[in-house]
Amino acid sequence: MQRLKQALPLVLVAVALLARLLPGPRTIDDSYITFRYTRNLLAGEGFVYNPGERVLGTTTPLYGLTLAGIGLLAGGSQADFPQIALLLNAFLDAFTCLLLYTLGKRTGAPGVGAVSGLIWGVLPFSVTFAIGGLETSLFVCLLTATASAHLNGNRATTAALAALCLLTRPDAALLMAPLGLDRLFLAMRSGERPSWREWAAFLLPILLWVLPASAFYGSPLPHSISAKAAAYLLPPESALFRLVQHYATPFMDNLTFGPAGIAVGLVLYPFLSIVGIRRLVRTSPRVWPWLAFPWIWFLAYAVANPLIFRWYLTPPLPPLIFSVLAGAGQLVRLLPPFQGKWAHSRYLLAAIPLTLALRGWTWQPDHGLPHPAPEMAWYALELKYAEAADALQPALAAAPGATVAAGDIGVLGYRSGARILDALGLISPEALPYYPTDPAYHVNAFAVAPDLIIDQQPDFIVLLEVYGREGLFKDPRFQQAYELLHVVDTGIYDSRGMLIYQKKQAAGP
């Protein structure tokens, strides 16, 4: 038993690394936006998407700059950023597993920490976005490290990590708020006010970004936040329903039990979380901000009602799973079969959530790399955009400096290298005045504004047909000005292909 405990950290690291390196990179479209910022920085163009256009369209500057630092040593602007991101994320997630293990020991629940780390190593919501190249692994690692430092009473370290969290994603404020409140309570009870070291550790990283970003972009806040708020048409309760389903299935129970699993989870997991939080806070009172974080996250996103991308659902999972397992462990201890000399046998129950999580894996994905991977590591759309970028290359070679309008700009922009007009507006401020669009244009949450294309007159347009079906493609002005160049066959999002249009040449005199 002692040898097993000594080997456990190595097992957690090995499981996390294997679960990410085995599938290989299955990079998500949004990741390529950050990659292009990073590549342009290393090419001497600045931290921009389109050279010469100072627009901050990535929400994760720290992740982009971290990739740039690694890329500088691995080929500069020609570095393989999807592969770099995969390796970086794999090691970050492995460290998160270790942090969960140490949090378990620190809160008097070593078994909970070990099982949480093991589940995090293989959970599809963890693996998918690590191999997808997103900043999620860095964000979760920093959030967990910040909570751990706070629990250990490392004030300056907590402050520095809190600043790095905010520079990775602005919604880190949802953990920083309760952490700051707990620090205030401590100061009121003990009279121990924050030292200058704490203030410096927090403010210095923030200022090192805010001051240059304000000078360069005009604002340190990502432009993409306002763009997403304006462009998507959503029912007022859509985020709430998505979050409720997610919190009812933290181990992806629905894959095993279907709708019944969701119904049971709606009651079971909040109950277990409350039981677990009560138990853990009694042992380690300063852990409460981290354990409250999933529920603060839930309320904030339910009220804001953004379009919930899958990676938005990952950050609250580690503390949620931790509290659920702690609650389950507390109840299991009361059962006679798991008392006395059989007490250690309760750890065998960890096989249940682990098995549920592994049900989300497939040995033979139906697209992309033929390696075992989580089923939700879906990147068929990215493969289609790569196909579209390749099909567009001959036309771009004949039209240097051409502008390409697109609704999804990651793969297309990264692979083509062309100047991009983002029809959603993430990196194109000129698109914002055209949204929100007429609801009649929408088949799904997003529809391209016809007036944007007519006014801006891009040289090429690459869109899923569904984005323009009821609006742009029916507009007589568009039909007169553009001709169909190529169709990439796809039915993604019920689209009738991915369409590539070219602006018609003006008639001669």
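Structure first, text after, so check above.
Described below are features of the structure shown in this document. Everything numeric here is computed off the predicted structure, so don't read it as measured data.

1. What to know about the overall build of the chain
- Scanning the chain from N- to C-terminus turns up 22 helices and 7 strands.
- What you see for the chain is a C-alpha radius of gyration of 24 Å, in line with the 23 Å of a compact globule of 509 residues.
- With the model as given, the accessible surface of the chain reaches about 21,800 Å², and the carbon-plus-sulfur share is 65%.
- Averaged over its 35 positive side-chain charges, the chain has a centre that lies 17 Å from the centre of its 31 negative ones.

2. A word on the pattern of salt bridges
- This structure, assessed with the given rule, holds 14 salt bridges.
- Where Lys474 meets Glu470, a salt bridge forms, and the shortest distance between an N and an O atom there is 2.7 Å.
- With a relative accessible area of 31%, Glu470 lands in the partly exposed category.
- Residue Arg477 pairs with Asp475 through a salt bridge whose shortest N-O separation is 2.8 Å.
- Residue classification places Arg477 among the partly exposed residues on the basis of a relative accessible area of 37%.
- The buried category is assigned to Asp475, whose relative accessible area is 12%.
- Residues joined by salt bridges that share partners form a network here, namely Glu53, Arg419 and Glu430.

3. Some details on the nonpolar core
- Within the largest apolar cluster, 147 residues are counted, with the highest numbers of intra-cluster contacts made by Tyr385, Val404, Tyr435, Phe446, Val448, Val462 and Phe478.
- It is helix α4 (residues 81–106) that contributes the most residues to this core, 12 residues altogether.
- Excluding its chain neighbours within four sequence positions, the residues that come into contact with Val448 are Ala423, Tyr435, Ile453, Leu463, Tyr467 and Leu472.

4. Considering helix α17 (residues 351–358)
- Within the span of α17, buried status applies to Pro353, Leu356 and Ala357. Around the axis of α17, the buried residues are gathered within 100 degrees of arc, so they sit on the same side.
- Structurally, α17 contributes buried residues whose contacts are with α5 (110–122), α6 (124–131), α13 (254–257), α16 (317–332) and β1 (361–362).

5. Focus on the packing of α4 against α6
- Contact geometry of α4 with α6 gives a least axis separation of 8 Å together with a crossing angle of 150 degrees. With respect to each other, α4 and α6 are oriented roughly antiparallel. Of the residues in α6, those in contact with Ala85, Leu86, Asn89 and Asp93 of α4 are Ser126, Phe129, Ala130 and Ile131.
- In terms of residue class, the contact of α4 with α6 is made up of 5 nonpolar, 2 polar and 1 charged.

6. Quick look at the packing of helix α7 (residues 136–151) against helix α8 (residues 155–168)
- For the pair α7 and α8, interaxial distance at closest approach is 9 Å and the crossing angle is 160 degrees. With respect to α8, the element α7 is oriented roughly antiparallel. With respect to the hand of their crossing, α7 and α8 are arranged in left-handed fashion. Here Leu138, Phe139, Leu142, Leu143, Ala145, Thr146, Ala149 and His150 of α7 come into contact with α8, specifically with Thr157, Thr158, Leu161, Ala162, Leu164, Cys165 and Thr168.

7. A closer look at empty space enclosed by the protein
- Taken as a whole and judged by the stated rule, the model has 2 cavities of 30 Å³ or more.
- Residue lining of the largest cavity: Glu135, Thr136, Phe139, Arg169, Asp171, Trp297, Tyr301, Trp311, Tyr312 and Pro315, and that is the complete set.
- Taken as a whole, the second largest cavity encloses approximately 40 Å³ of empty space.
- Secondary-structure elements contributing two or more residues to the lining of the second largest cavity are α7, α15 (288–304) and α16.
- Residue contributions to the lining of the second largest cavity peak at 3 residues, all from α7.
- The class makeup of the residues in the lining of the second largest cavity is 7 nonpolar, 1 polar and no charged.

8. With respect to the sheet that holds strand β4 (residues 419–422)
- On the basis of which strands lie adjacent, the open sheet formed by 5 strands has the order β4-β3-β5-β7-β6 and mixed pairing. The outermost strands of the open sheet, each flanked by one partner alone, are β4 and β6 (482–488). Strand-to-strand twist of the sheet, defined as the mean angle between neighbouring strand axes without regard to direction, takes the value 25 degrees.
- Helix-sheet contacts for helix α18 (residues 380–397) involve β3 (403–406), β5 (460–464), β6 and β7 (498–503), and the interaxial angle to β5 is about 160 degrees.

9. Topic: the layout of surface pockets
- Here the largest pocket is characterised by a volume of approximately 760 Å³.
- Around the largest pocket, the lining is made up of 27 residues, and of these Phe309, Trp311, Leu381, Asp408 and Tyr493 lie nearest the centre.
- Looking at the lining of the largest pocket, the elements with two or more residues in it are α2 (29–42) and α18.

About the thresholds
- Throughout, a residue's number is its position along its own chain's written sequence, starting from 1.
- Residue-level local features of this predicted model are given only where pLDDT is at least 70; pairs of side-chain atoms are given and counted only at 80 or more, and the full residue set underlies all totals for whole chains, interfaces and linings.
- Here the side-chain values reflect all heavy atoms present in the structure, with hydrogen atoms and water set aside.
- A run of H or I in DSSP becomes a helix once it reaches four residues, and a run of E becomes a strand once it reaches two; helices and strands are each numbered from the N terminus.
- Computation of the radius of gyration draws on C-alpha atoms alone. For the globule rule, the value is 2.2 Å times the number of residues to the power 0.38.
- Under the convention used here, a 1.4 Å probe and the Shrake-Rupley method define accessible areas, while residue burial counts only the protein chains that appear.
- Lys and Arg are tallied as positive, Asp and Glu as negative. Neither His nor the chain termini are counted.
- Just so you know, the charge point we use is NZ for Lys, CZ for Arg, CG for Asp and CD for Glu.
- We define a salt bridge as a contact between a side-chain nitrogen of Lys or Arg and a carboxyl oxygen of Asp or Glu at a distance within 4 Å.
- For the exposure calls, accessible area comes from a 1.4 Å probe over protein chains only, and a residue counts as buried if that area is under 20% of its type's maximum, exposed if over 50%, partly exposed in between.
- Note on terminology: a nonpolar core comprises buried Ala, Val, Leu, Ile, Met, Phe, Trp, Tyr and Cys residues joined through side-chain atoms within 4.5 Å.
- Whether two residues are in contact is decided by their heavy atoms, any of which lying within 4.5 Å being enough.
- Within this analysis, the arc is defined by the directions that extend from the helix axis to the C-beta atoms.
- With axes taken as lines fitted to C-alpha atoms, and helix axes fitted only over the stretch in contact, angles between N-to-C directions fall between 0 and 180 degrees.
- In what follows, roughly perpendicular refers to angles from 65 to 115 degrees, roughly parallel to angles under 35, roughly antiparallel to angles over 145, and oblique to any angle outside these ranges.
- By the convention adopted, Pro, Cys, Tyr, Trp, Phe, Met, Ile, Leu, Val and Ala count as nonpolar, Lys, Arg, Asp and Glu as charged, and the other residues, Gly among them, as polar.
- Each crossing gets its hand from how the near helix is turned against the far one by less than a right angle, where anticlockwise is left-handed and clockwise is right-handed.
- Using a 1 Å grid laid over the protein atoms alone, points where a 1.4 Å probe fits but cannot get out form a cavity; open sets with protein on both sides within 12 Å along at least 5 of 7 lines form a pocket; any residue with an atom within 4 Å of a point counts as lining.
- Grid points are joined across faces, edges and corners, and a volume is the space filled by probe spheres set on the points.
- Note: two strands are recorded as paired if DSSP finds a minimum of 2 bridges between them.

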